[in-house]
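Summary of the model geometry
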Amino acid sequence: REKDGKSKAWMPKFLIAKEHKDQRKSSDDVERSIFKVKKSNAEKSKIEKEKFFRETFMYDKEINVINTATAECSVPSKRRVDLPVTAGEQLDVIDVTEGNAVICRNSEGRYGYVLVEHLNFR
């Protein structure tokens, strides 16, 4: 065989990779995509809950927090549109209805009716 200038000696790949080690990003530089996925899932969940709320309650107004209230006692939901609350839970009051109930949002982003007599406004 003729040897031309293009042939080079055989070298294991793991030895060649060491030459480029400083070109790789360090672990500090690498942005972690794990947190992004969870954040986007949380945002999607929030949007889905708001969409469900608007469809169920036929609510076309802008969602603004009027007041905050604390639940005085634990109340399970009897209907689909009622919001189950636990004693001491902080709720955002979104809207006041004609009856003795208000539309509230809990810390999980769920919406529903809560009777005024179960709430403590401070």
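Residues numbered from 1 in each chain as written. Predicted model: local features only at pLDDT ≥ 70, side-chain atom pairs only at ≥ 80, totals over all residues. Heavy atoms only, no water.

The cut-off we apply is this: UniProt positions are given in the numbering used here, feature names are shortened, and annotations may be inferred rather than shown by experiment.
The name given to the protein chain in an unreviewed UniProt entry is FYN-binding protein 2, with Eurystomus gularis as the source organism. A UniProt comment under Subunit (unreviewed entry) is attached to the protein chain, and it reads "Interacts with SKAP1, LCK and FYN. The phosphorylated form interacts with LCP2." What the UniProt record of the protein chain gives under Subcellular location (unreviewed entry) is the line "Membrane raft".

**A look at the sheet that holds strand β1 (residues 67-71)**
Going by this rule: Strands qualify as paired when DSSP identifies two bridges or more between them. Numbering of helices and strands runs from the N terminus, with a helix taken as a DSSP run of H or I at least four residues long and a strand as a DSSP run of E at least two residues long. Inter-axis angles, ranging from 0 to 180 degrees, are taken between N-to-C directions of lines fitted to C-alpha atoms, where helices are fitted over the stretch in contact.
Judged by pairing direction, the sheet is antiparallel, and its 5 strands sit side by side in the order β4-β3-β2-β1-β5 without closing on themselves. A single partner strand is all that each edge strand has here, and the edge strands are β4 (111-115) and β5 (119-121). For this sheet the average axis-to-axis angle between neighbouring strands, irrespective of direction, equals 50°. Across 4 bridges, β1 lies against strand β2 (residues 90-96) in antiparallel orientation. Residue pairing in the sheet places Thr68 in a bridge with Asp92 of β2.

**Observations concerning the side chain of Asp95**
Where we set the bar: Burial status follows relative accessibility: with a 1.4 Å probe on protein chains alone, a residue under 20% of its type maximum counts as buried, one over 50% as exposed, and anything between as partly exposed. In what follows, a contact means two residues having at least one pair of non-hydrogen atoms within 4.5 Å.
In this fold, Asp95 is placed in strand β2. Owing to a relative accessible area of 14%, Asp95 belongs among the buried residues under this scheme. Contacts of Asp95, omitting those with residues within four sequence positions, involve Tyr59, Lys61, Ile66, Val102 and Ile103.

**Observations regarding the pairing of strand β3 (residues 101-105)**
Most of β3 sits out of view: 5 of its 5 residues are buried. Alternating residues of β3 divide into Ala101, Ile103 and Arg105 and Val102 and Cys104, and every residue in both groups is buried. Two elements, β2 and β3, share 4 bridges in a ladder whose sense is antiparallel. Counterpart to Val96 in the pairing with β3 is Val102. Bridge count for β3 against β4 is 5 bridges, and the pairing is antiparallel. The partner of Val102 across the bridge, within β4, is Val114. Once β3 ends, the chain turns through 5 residues before running back antiparallel as β4, passing Gly109 with a positive phi of about 95°.

**So, the nonpolar core**
Convention followed: For the purposes of this section, nonpolar cores are sets of buried Ala, Val, Leu, Ile, Met, Phe, Trp, Tyr and Cys residues that join through side-chain atoms within 4.5 Å.
Judged by nonpolar contacts, Ala69, Ala71, Leu83, Val85, Leu91, Val93, Val102, Cys104, Val114 and Leu119 together constitute the single largest core of 10 residues. Breaking this core down by element, the ones donating at least two residues are β1, β2 and β3. If near-sequence neighbours (up to four positions away) are discounted, Val93 is found in contact with Asn64, Val65, Ile66, Asn67, Ala69, Val102, Ile103, Cys104 and Phe121. With 8 residues, the next largest nonpolar core counts Tyr59, Ile63, Val81 and Tyr111 among its residues.

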